[in-house]
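Now for the letters of each chain:
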Amino acid sequence: MGRYANHEDFGANAPINFREDTTSESYLKGMSGIAPPGMKPKAMRGKRYEDNTDFKASVKWHRNFDIAMFGGTDIGFPESETKQMGLEEKIDGIERKPGRR
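Values in this document were obtained by computation on a predicted structure and should not be read as measured data.

S.K.: Could you clarify how one ought to interpret the overall build of the chain in this entry?
M.R.: Helices and strands together make up the secondary structure of the chain, namely five helices and zero strands. Ordering the α and β elements of the chain from the N terminus gives α-α-α-α-α. A buried classification covers 32% of the 101 residues belonging to the chain. In the chain, the proportion of contacts linking residues at least 24 apart, taken out of those at least 6 apart, comes to 67%. Surface exposure of the chain reaches about 7000 Å², of which carbon and sulfur atoms provide 56%.

Okay, here's the thing in structure tokens:
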């Protein structure tokens with residue numbers, strides 16, 4: 001079985017997890033793993049990465065996933081941020097499933 005029981009569960013949990021998991025530390029750790037020996041990524045790039053993975057980025061990511069997997073059932077382009085906020089507010093009735101363990 002998948003991590004989320006249904007699309008509503010996915011919509012209420014996944015974008016929050018996306019924002020919590022996309023930190024400058026996770027970016028720098030991942031880039032360090034693929035960097036050539038003796039080199040490491042600049043801290044400034046990690047900061048830029050984190051700055052570009054805010055609420056607006058999670059809305060775009062969730063909308064693209066929704067289109068790819070479900071044919072765009074929940075999030076339309078003009079009101080995508082409003083609909084995303086509506087899905088995240090449903091977390092009260094849905095079990096919170098944290099991101100990376």
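On we go from here.
S.K.: It is not clear to me how the confidence of the model for the chain should be interpreted in this structure. Could you clarify?
M.R.: Detailed reading of the predicted coordinates is not advisable wherever pLDDT is low. Overall, the predicted model of the chain reaches an average pLDDT of 77, with 69% of residues at or above 70. No element of the chain has a lower mean pLDDT than helix 5 (residues 80-89), which averages 69, and none a higher one than helix 2 (residues 24-34), which averages 93.

S.K.: Could you clarify how one ought to interpret the packing of helix 2 against helix 3 (residues 43-51) in this entry?
M.R.: Axes are the key here: two packed helices are described by the angle between their axes and the distance separating the axes. With their axes 8 Å apart at the nearest point, helix 2 and helix 3 run at an angle of 130° to one another. As judged from the angle between their axes, helix 2 and helix 3 are oblique. The two elements helix 2 and helix 3 meet at a crossing, and its hand is right-handed. Between helix 2 and helix 3, the contacting residues are S24, Y27 and L28 on the first element and A43, R45, G46, K47, Y49 and E50 on the second. Looking at the contact of helix 2 with helix 3, its residues break down into four nonpolar, two polar and three charged.

S.K.: I would appreciate a short explanation of the packing of aromatic side chains in the present structure.
M.R.: Note on aromatic pairs: each is described by the distance of the centres and the angle between the planes. Throughout the structure, instances matching the rule amount to one aromatic pair. Seen from their ring centres, Y27 and Y49 are 4.6 Å apart, and the 25° between their planes marks the pair as stacked. Taken together, the positions of Y27 in helix 2 and Y49 in helix 3 put the pair 22 residues apart, joining distant regions of the chain. A relative accessible area of 29% places Y49 in the partly exposed class.

S.K.: Sorry if this is basic, but what is going on with the side chain of S24 here?
M.R.: Relative to the elements of secondary structure, S24 occurs in helix 2. For S24, the residues in contact, after removing those within four places along its chain, are G46, K47 and E50.

S.K.: Would you mind going over the environment of A57 with me for this structure?
M.R.: With respect to the helices and strands, the residue A57 is situated in helix 4 (residues 55-70). Here the alpha-carbon distance between A57 and F18, two residues 39 residues apart in the chain, equals 9.3 Å. In this structure A57 touches F18 and N52, once residues within four positions along its chain are discounted.

Rules behind the numbers
- Residues numbered from 1 in each chain as written.
- Predicted model: local features only at pLDDT ≥ 70, side-chain atom pairs only at ≥ 80, totals over all residues.
- Heavy atoms only, no water.
- Helix = DSSP H or I, 4+ residues; strand = E, 2+ residues; numbered from the N terminus.
- Buried < 20%, exposed > 50% of the residue type's maximum accessible area, 1.4 Å probe, protein only.
- Contact = heavy atoms within 4.5 Å.
- Areas by Shrake-Rupley, 256 points an atom, 1.4 Å probe, with all protein chains shown as cover.
- pLDDT = per-residue confidence, 0-100.
- Axes fitted to C-alpha atoms, helices over the stretch in contact; angles between N-to-C directions.
- Parallel < 35°, antiparallel > 145°, perpendicular 65-115°, else oblique.
- Left-handed = near helix turned anticlockwise from the far one by under 90°.
- Nonpolar A, V, L, I, M, F, W, Y, C, P; charged D, E, K, R; others polar.
- Phe/Tyr/Trp six-rings, centres within 6.5 Å; stacked < 30°, edge-to-face > 60°.

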